Amino acid sequence: MNLSVDDFQKKHESFSVVEEKDLPFHCPPPEVQKWNMHPKVFLKFDKNGKASCPYCSASYELA
């Protein structure tokens, strides 16, 4: 997953694509600076390949 801080901050506008090679996946993503982020939360994707962070509501979808 290639995600910049600006992309992550726009989470409410769309979703970020996660590849299966990135599983298990957590929010905030590894590439994001964590100094102002919430604790790491591992996400479970539903049968449609979608997940949402309970802290920040960022949306993710499996590719």
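So, here's what we can say about the structure. (Residues numbered from 1 in each chain as written. Predicted model: local features only at pLDDT ≥ 70, side-chain atom pairs only at ≥ 80, totals over all residues. Heavy atoms only, no water.)

Leu23 connects to Pro24 through a cis peptide bond whose omega is -5°. Within the secondary structure layout, Pro24 lies in the loop between strand S1 (15-18) and strand S2 (26-27). In the Ramachandran plot, Ser57 falls in the positive-phi region, its phi being about 65° despite a non-glycine side chain. Of note, Ser57 is situated in the loop between strand S4 (50-52) and strand S5 (59-62). The partly exposed category is assigned to Ser57, whose relative accessible area is 49%. (Helix = DSSP H or I, 4+ residues; strand = E, 2+ residues; numbered from the N terminus. Buried < 20%, exposed > 50% of the residue type's maximum accessible area, 1.4 Å probe, protein only.)

Attention shifts here to the sheet that holds S5. If you walk across this open sheet you meet the three strands as S1-S5-S4, and the pairing is mixed. Single-partner strands in this sheet number two, and they are S1 and S4. Averaged over all pairs of adjacent strands, the angle between their axes in this sheet comes to 25°, without regard to strand direction. Relative to S5, S4 is paired through three bridges, and the arrangement is antiparallel. In the strand pairing of S5, Lys50 is matched with Glu61. (Pairing = 2+ DSSP bridges. Axes fitted to C-alpha atoms, helices over the stretch in contact; angles between N-to-C directions.)

As for its placement among the helices and strands, Leu62 is situated in strand S5. Overall, Leu62 belongs to the partly exposed group, its relative accessible area being 24%. Among residues more than four places away in sequence, those in contact with Leu62 are Val18, Leu23, Phe45 and Gly49. (Contact = heavy atoms within 4.5 Å.)

Structural measurements only, silent on function.
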